Amino acid sequence: MTTSKKPANRIWNPACECMPRGELEALQLKRLQGIVQAAWEKVGYYRAKMEAAGVTPTDIRSLADVAKLPFTTKDDLRGCFPYQAFAVPMEEVVRIHASSGTTGQATVVGYTTQDLDTWSELMARLHTAAGLTNCDIVQVAFGYGFFTGGIGHHYGLEKIGAAVLPISSGKSERQIQIMKDYGSTVLICTPSYGMYLAELIQKTGSASDLRLRLGLFGGEAWSDEMRRALEKSLGVFATDNYGLSEVMGPGVSCECIEQQGMHIAEDHFLPELIDPTTGVPVADPYGEGGEMVLTTLTKEAIPVVRYRTHDLCRFLADECPCGRTGRRMSKVSARSDDMLIIRGVNVYPQQVEKALLSIDGVAPHYQIVVSREGALDVLEVLVEVTEALFFDEMTKQQAMKNNIERTLETALAVHAKVRLVEPGRTPRSEGKAVRVIDTRTKG
Ligand code: DLL
């Protein structure tokens, strides 16, 4: 199998995607003023928040003035359950999605016909940026339903004229049969599900029967090391794409074939990077980076003003050779609320993944278990190793364990106990992976 499957550079909508920065920023300002006005007039929740902050729509005279507006949080949107954040009457709403609600009340999002048109357009841009064309047969293995991943991708693919296999997530053996029988050339899912499918494919030894050439992965954080593992095991060219249901779904930003950061659809979203602790815009978004805050510039059903995503990333400065002018964000390095504090040291699950996958013989499946022994936090990492190594002599296993512990300690600045486990021992996910089990009592 080859990983050198870099597709040709194509752009779906050059007029918008390659717009000169000056023109783009003028458009952003006009749209920002419009959306703030709409939020003020039509959504009681925003009106109250803006009044409390002493700001009115007329205060927005430049793009930097966005920082005068109050933030919106997931809890704020939950408080508007189900429809209080809607800015249009229900007869104009044609679709409703919702976040899973596993950690509390669901957040509900609505779309007008115009919103769905915009979304399909942004998805068509994303697919084209990743090298997908109307000749492709695309297996969408994201969940369909309230989750925005499946249906969001579906409509963009139809817009560019690709053939969609709307299989949804799960039924993993069948996914592989479908890939073979229908000659899927593109797989779209979370990176962790992609890895699980790759593992099943390898088990049945059937990778050579597949026609996969592209993998579009998103919906959760994943490292460049994971990209290499996916490209190698699936034989695809893998790109990242980012989004969140509160502001649209997938389609907020996407990598192009350069695989160097994700172009933000800045004609529809205004991005800011803030210090997650103070809430102040960071001084150097291209260096230190910060938490992504997004304002929707065109959404009709639910305008979202300064949504705190908790996603940590930075902006990338140089121009991209692909010709797009939309600013690029780096891969999301972590979610600020995923941070673990282990004996006073901040640890992000992504650091663990990056360190693990830099070691030969370690499979891209792991789990982090945090517990407390007496007053001490204990960080344990369950690491799957290859079958050969797992059944190898004790001395080899011990050397591997020591090597992983050393690598982790260097990366995390805190000791982690490593437990080598046999292949298949850590949980597999059909959607977003749950990497951390924290058994410490909170608060
Ligand atoms: O996950 C939307 C989506 C679907 C994006 C499919 C891409 C592909 P939510 O369920 O609302 O929406 O979850 C949003 O997922 O705040 C990030 O923390 C995380 N996330 C999404 N894409 C990425 C990515 C969808 N490419 C939350 N890298 C976001 C890192 C991501 N994290």
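What you see as residue numbers is a count from 1 along each chain, following the sequence as written. Only residues with pLDDT of at least 70 are given local features in this predicted model, and only at 80 or more are side-chain atom pairs given and counted; all residues enter the totals for whole chains, interfaces and linings. Only hydrogens and water are set aside; all other atoms, that is, all heavy atoms of the structure, feed into the side-chain values.

Draft legend 1. Looking closely at the domain arrangement of the protein chain. If you check the domain split of the protein chain, you get domain 1 (1–335) and domain 2 (339–441). Between the C-alpha centres of domain 1 and domain 2 the distance comes to 30 Å. We call two residues in contact whenever any of their non-hydrogen atoms come within 4.5 Å of each other. The interface of domain 1 with domain 2 comprises 23 residues on the first partner and 18 residues on the second. Throughout, buried area stands for the accessible area (probe radius 1.4 Å) lost by two parts on being put together, summed over both. Taken as a group, Glu199, Glu225 and Met226 account for 27% of the area that domain 1 buries against domain 2, more than any other trio of residues on that side. For the purposes of this description, domain bounds are those given by an automatic or database domain assignment.

Draft legend 2. Structural view of the site of the ligand. Around the ligand, a shell composed of 20 residues is seen, among which Asp240, Asn241, Ser245, Asp311 and Lys432 lie nearest. Two N or O atoms count as a polar contact when they lie within 3.5 Å, although within protein this holds only if one can serve as hydrogen donor and the other as acceptor, and sequence-adjacent residues are included solely when both atoms are side-chain atoms. Within the backbone of Gly219, an N or O atom sits 3.0 Å from a nitrogen atom of the ligand. At 2.7 Å, a side-chain N or O of Lys432 approaches an oxygen atom of the ligand. Summarising the interface, the protein chains cover 91% of the accessible area of the ligand, which totals 600 Å² for the free molecule. For helices the rule is a DSSP run of H or I covering at least 4 residues; for strands it is a run of E covering at least 2, with both sets numbered from the N terminus onward. Looking at the shell around the ligand, the elements that each hand over two or more residues are α6 (148–160) and β7 (237–244). Ranked by residues supplied to the shell around the ligand, first place goes to β7 with five residues. Whether a residue is near a molecule or strand depends on its heavy atoms: it is near if one of them lies within 4 Å of it. For accessible areas, the Shrake-Rupley method is used with a probe of radius 1.4 Å. Any residue's cover is judged against the shown protein chains and nothing else.

Draft legend 3. Summary view of unusual backbone geometry. The residue after Phe81, namely Pro82, is reached through a cis peptide bond having omega -10°. Within the secondary structure, Pro82 sits in the loop between α4 (74–79) and β1 (95–98). Positive phi, normally seen in glycine, also occurs at Lys171, with a value near 50°. Within the element layout of this structure, Lys171 appears in the loop between β4 (163–165) and α7 (172–182). Phi angles above zero are rare outside glycine, and Gln259 is one such case at about 55°. Within the secondary structure layout, Gln259 lies in the loop between β8 (249–255) and β9 (262–264).

Draft legend 4. Main features of the environment of Phe269. With respect to the helices, strands and loops of the structure, Phe269 is situated in strand β10 (residues 269–274). Sequence-wise, Phe269 and Lys42 are 227 residues apart; in three dimensions their C-alpha atoms are separated by 20 Å. Not counting residues up to four positions away in its chain, the partners in contact with Phe269 are Gln28, Leu122, Val247, Met248, Gly251, Val252, Leu294, Thr295, Thr296 and Leu297.

Draft legend 5. Spatial organisation of the environment of Arg213. Among the secondary structure elements, Arg213 is positioned in the loop between α8 (191–204) and β6 (214–218). On a C-alpha basis, the gap between Arg213 and Ala48 in space is 51 Å, while along the polypeptide they are 165 residues apart.

Draft legend 6. Main features of the sheet that holds strand β21 (residues 436–438). In this analysis, strands are considered paired if DSSP registers two or more bridges between them. With mixed pairing, the four strands of this open sheet are ordered in space as β20-β19-β18-β21. The open sheet has two edge strands with one neighbour each: β20 (417–421) and β21. When strand polarity is set aside, the average angle formed by the axes of neighbouring strands in this sheet is 20°. Bridge count between strand β18 (residues 362–373) and strand β19 (residues 376–385): nine bridges; the pairing is antiparallel. Directly across from Arg372, in β19, lies its bridge partner Asp377. Packed onto the sheet, helix α12 (residues 394–412) meets β18, β19 and β20 and runs at close to 135° relative to β20. The axes used here are C-alpha line fits, helices contributing only the stretch in contact, and every angle between their N-to-C directions lies in the interval 0 to 180 degrees.

Draft legend 7. Inspection of the layout of surface pockets at higher detail. Here a cavity denotes a set of grid points, spaced 1 Å apart and computed over the protein atoms alone, in which a 1.4 Å probe fits but from which it cannot get out, and a pocket denotes an open set meeting protein on both sides within 12 Å along at least five of seven lines; residues with an atom within 4 Å of a point are reported as lining. Grid points are joined across faces, edges and corners, and a volume is the space filled by probe spheres set on the points. By volume, the second largest pocket amounts to about 720 Å³. Contributing to the lining of the second largest pocket are 25 residues, with Gln202, Val362, Ala363, Pro364 and Thr386 lying nearest its centre. At the level of secondary structure, the elements contributing two or more residues to the lining of the second largest pocket comprise α8, α9 (224–234), β18 and β19. Any residue that is not Ala, Val, Leu, Ile, Met, Phe, Trp, Tyr, Cys, Pro, Asp, Glu, Lys or Arg is counted as polar, Gly included; the first ten are nonpolar and the last four charged. Classifying every residue of the lining of the second largest pocket gives ten nonpolar, six polar and nine charged. When residues are assigned to domains, the lining of the second largest pocket turns out to be shared by domain 1 (1–335) and domain 2 (339–441), each giving three or more.

Draft legend 8. Examining the nonpolar core more closely. Residues grouped as a nonpolar core are buried Ala, Val, Leu, Ile, Met, Phe, Trp, Tyr and Cys residues, joined through side-chain atoms within 4.5 Å. Accessibility here uses a 1.4 Å probe with only protein chains present; expressed as a share of the type maximum, an area under 20% marks a residue as buried, one over 50% as exposed, and anything in between as partly exposed. Among the nonpolar cores identified, the biggest contains 73 residues, and Leu132, Tyr242, Val247 and Met292 are the most heavily contacted of them. If one sorts the elements of this core by residue count, helix α5 (residues 113–129) sits on top with seven residues.

Draft legend 9. Broad picture of the sheet that holds strand β12 (residues 307–313). Read from one edge of the open sheet, four strands run β10-β11-β12-β15, paired in antiparallel fashion. Single-partner strands in this sheet number two, and they are β10 and β15 (334–335). Relative to the sheet, helix α2 (residues 21–42) contacts β10 and β11 (290–296), its axis offset from that of β10 by approximately 90°.

Draft legend 10. Helix α10 (residues 349–357), seen in detail. Counting buried residues along α10, seven of its nine residues qualify, which places the element largely inside the surrounding structure. Where α10 is concerned, the buried positions are Pro349, Gln350, Val352, Glu353, Ala355, Leu356 and Leu357.

Draft legend 11. Examining empty space enclosed by the protein more closely. With the rule as written, the count across this model stands at three cavities of 30 Å³ or more. If you add up the space inside the largest cavity, you get close to 160 Å³. In this structure, the largest cavity is lined by 18 residues; those nearest its centre are Glu17, Arg125, His263, Ile264 and Ala265. Those elements that provide at least two residues to the lining of the largest cavity are α1 (14–17), α5, β8 and β9. Broken down by element, the lining of the largest cavity gets its largest block of residues, four residues, from β8. Approximately 70 Å³ is the volume attributed to the second largest cavity. Its residues placed into classes, the lining of the second largest cavity shows ten nonpolar, one polar and one charged.

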